[in-house]
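Structure assessment
Take a look at the letters that make up each chain.
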Amino acid sequence: MSTAAILTTPQAVAEVDYSDLGPAERECELFLRCSQEQPRQFTERFMTAVSPGMIATYLLNAYYDSHENYVLALARQMKKEYELIHAKGLLLQIDAPDLAADYSWYFQHASLQEFQKVVETNVAAINIATENIPTDRIRLHVCWANLEAPHVHDVPLADILPILYQAKVGALSIELANPRHQHEYNVFKQYPLPDSMLLIPGVIDPKTNYVEHPEVVANRIMQAVEAVGERSRVIAGVDCGFSTVAGYEMVAESVVWAKLRTLKEGADLASAWLWS
């Protein structure tokens, strides 16, 4: 199986060991302090952390005898950070683009069936790493990479969604404002969302400086509610982060805030329609 480095990065040359949680602890404390200083209280706060499979994509393996063993070793180490975030009282959001984007990145020469086995392994690794955290305190983010690109080789959502449901999480965040995937709301009718999960559809695209109209946002939310079949199980979200790679920003900061404002306006509009 051929592999390709996405960026020039370090690689594992010995047993991985996450021994210093100091930076993660300081980031959590900074976020808690800043959010507590706001005049308006948040309903809930979450902290993101990278998935074991995504680490394996960026930091290649030159030590373990298989991709599976590498991912499982990473899961055992990331368990420490996940449990730290939970202990701070924050929702844990595991960012796992590997579960979709890796098909055209890291495993571009693999068959669909081979990639689906990789997704199963990566989901199992997440479950191992989060076994001590209640599922309703975990959300899983999946996307096809936050890149303005053709995306013509993306794996279809229908081919991975049943496997994503194996994740022991309380909410699934899926990129659905992406022009290549915004038709895939219907996949949730084909494979209904488990009763134990909420859906967080991306209704804002963080890869373009267009500011969506609130009615566009509201319509996307309505599509998600129709697909799930229950209005209280849908939370409007953004496809991905606006600056997921340091020093690489595609959307102007002023536009970011405008997009977040229209997200709220669209959510208010959809709520008014749904609860009228």
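With that out of the way, let us pick up the overall build of the protein. Secondary structure summary: the protein contains nine helices and eight strands in total. Relative to the globule expectation of 19 Å for 276 residues, the C-alpha radius of gyration of the protein, 18 Å, shows essentially globular dimensions. Seen through its C-alpha atoms, the protein measures out along the principal axes to roughly 60 × 45 × 40 Å. The buried share of the protein, taken over its 276 residues, is 49%. Within the protein, contacts between residues separated by at least 24 positions form 82% of all contacts whose residues are at least 6 apart in sequence. Of the side chains in the protein, 21 bear a positive and 35 a negative charge, and the two mean positions are spaced by 5 Å.

With that settled, the discussion passes to the side chain of Asp-239. Following the sequence through the fold, Asp-239 ends up in the loop between β8 (237-238) and α9 (253-274). The buried charged residue Asp-239 lacks any salt bridge partner; its closest oppositely charged side chain belongs to Lys-207, at an N-O distance of 4.1 Å. Filtering out sequence-adjacent residues up to four positions away, Asp-239 remains in contact with His-141, Cys-143, Glu-175, Leu-176, Ala-177, Asn-178, Gly-202, Val-203, Ile-204, Asp-205, Pro-206 and Lys-207.

On to the packing of aromatic side chains. Taken as a whole and assessed by the stated rule, the structure comprises six aromatic pairs. Relative to Phe-115, the ring of Phe-107 has its centre 6.2 Å away and its plane inclined at 50 degrees; by these criteria the two rings are tilted. Neither residue differs from the other here; Phe-107 and Phe-115 are each classed as buried. Each residue in the set Tyr-103, Tyr-106, Phe-107 and Phe-115 is aromatic and connected to the rest through ring pairs, giving one cluster.

Each value, and the rule that gives it
Residues numbered from 1 in each chain as written. Predicted model: local features only at pLDDT ≥ 70, side-chain atom pairs only at ≥ 80, totals over all residues. Heavy atoms only, no water. Helix = DSSP H or I, 4+ residues; strand = E, 2+ residues; numbered from the N terminus. Rg over C-alpha atoms; globule rule 2.2 N^0.38 Å. Buried < 20%, exposed > 50% of the residue type's maximum accessible area, 1.4 Å probe, protein only. Contact = heavy atoms within 4.5 Å. Lys, Arg positive; Asp, Glu negative; His and termini not counted. Charge placed at Lys NZ, Arg CZ, Asp CG, Glu CD. Salt bridge = Lys/Arg side-chain N within 4 Å of Asp/Glu carboxyl O. Phe/Tyr/Trp six-rings, centres within 6.5 Å; stacked < 30°, edge-to-face > 60°.

Shape descriptors only; they carry no functional weight alone.
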